[in-house]
Each structure stands twice: as structure tokens, then as C-alpha cells.
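Structural overview
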Amino acid sequence: MDAWFVTFAMASSLLLACGAALLLVGYINTLPAALNFGWRFAVPVILLPVAGPLWFAWTRGEEFRRARYQLIGALVLLALAALLILGYGPYFAERLVAEMAEAAKMRY
């Protein structure tokens with residue numbers, strides 16, 4: 001493996017991990033508050049794990065500004081990870097398969 005593949009793997013893994021962590025933290029910050037405001041606000045947060053907390057944090061104003069930024073940041077990081085994987089993943093997969101096929105030819 002070369003350094004570019006390692007860089008790709010590390011970048012995509014870190015983006016996914018940070019995005020998932022921020023999404024989980026934003027969800028944990030909004031769920032108890034949504035339950036406190038009543039079932040009318042809690043049901044979308046429970047049933048729509050990404051859009052529900054973002055909607056709740058957006059409609060509550062400045063009280064949930066941090067949760068709103070966490071959820072938006074999580075979505076941005078996850079979108080960057082998806083773009084990175086969809087953009088460069090096939091390139092690296094093709095190279096690795098070609099290297100494996102070449103190694104199999106050399107073996108026999």
C-alpha cells in the first residue's frame with residue numbers, strides 16, 4: 001500500500017468518526033429537552049434521528065444554538081466523508097485489485 005491510500009483511509013475514517021460523534025452528541029443534547037417540551041416535539045426527534053433534532057434545535061432559538069451547530073457540523077463532516085469515499089474509493093479499489101491480480105500472476 002502506498003502513502004496516498006493510507007491518507008485516504010485515515011481521512012475518511014476520521015471524518016466518519018467525528019461526524020458520527022457530533023451527531024450522537026447533538027442527538028443526546030436535544031432528546032431530553034424535546035421530551036421535556038412534550039410529545040409533540042419529542043416524536044419527530046425520536047422518529048427522525050437526524051432531521052428531528054435539527055428541526056427541534058432550529059425552532060428553539062438561541063437556547064439550542066450549540067446543539068444546532070453540532071448537528072450541522074456532523075452533517076457537513078459526514079457529507080465530506082461520503083464525497084471522499086465516493087470520489088476516491090473506486091480509484092483506490094481499482095488499484096488494489098490490479099495489484100492483487102499482478103501478484104497472483106507473479107505467483108504462478
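Look up a bit, the structure's there.
The present account deals with the structure reproduced in this document. Computed from a prediction, not measured in an experiment: that's the story for all the values here. (Residues numbered from 1 in each chain as written. Predicted model: local features only at pLDDT ≥ 70, side-chain atom pairs only at ≥ 80, totals over all residues. Heavy atoms only, no water.)

As a packed pair, helix H3 (residues 51–59) and helix H4 (residues 65–107) sit with axes 9 Å apart at the nearest point and diverge in direction by 145°. Crossing of H3 against H4: the hand is left-handed. Residues Pro53, Leu54, Ala57 and Trp58 of H3 touch H4, and the partners they reach there are Ala67, Arg68, Leu71, Ile72 and Leu75. (Axes fitted to C-alpha atoms, helices over the stretch in contact; angles between N-to-C directions. Helix = DSSP H or I, 4+ residues; strand = E, 2+ residues; numbered from the N terminus. Left-handed = near helix turned anticlockwise from the far one by under 90°. Contact = heavy atoms within 4.5 Å.)

Turning our attention to the packing of aromatic side chains. One pass over the full model with this rule turns up nine aromatic pairs. Seen from their ring centres, Phe41 and Phe56 are 6.2 Å apart, and the 65° between their planes marks the pair as edge-to-face. Taken together, the residues span a long stretch of sequence, with Phe41 in helix H2 (residues 39–47) and Phe56 in helix H3 at a distance of 15 residues. Here a set of aromatic residues connected by ring pairs shows up, and it is made of Phe37, Phe41, Trp55, Phe56 and Phe64. Lying over the aromatic face of Phe37, Arg60 brings its terminal NZ or CZ to 4.5 Å of the ring centre. The lysine or arginine in question, Arg68, covers the ring of Trp58, its NZ or CZ lying 5.2 Å from the ring centre. (Phe/Tyr/Trp six-rings, centres within 6.5 Å; stacked < 30°, edge-to-face > 60°. Lys NZ or Arg CZ within 6 Å of the ring centre and 35° of its normal.)

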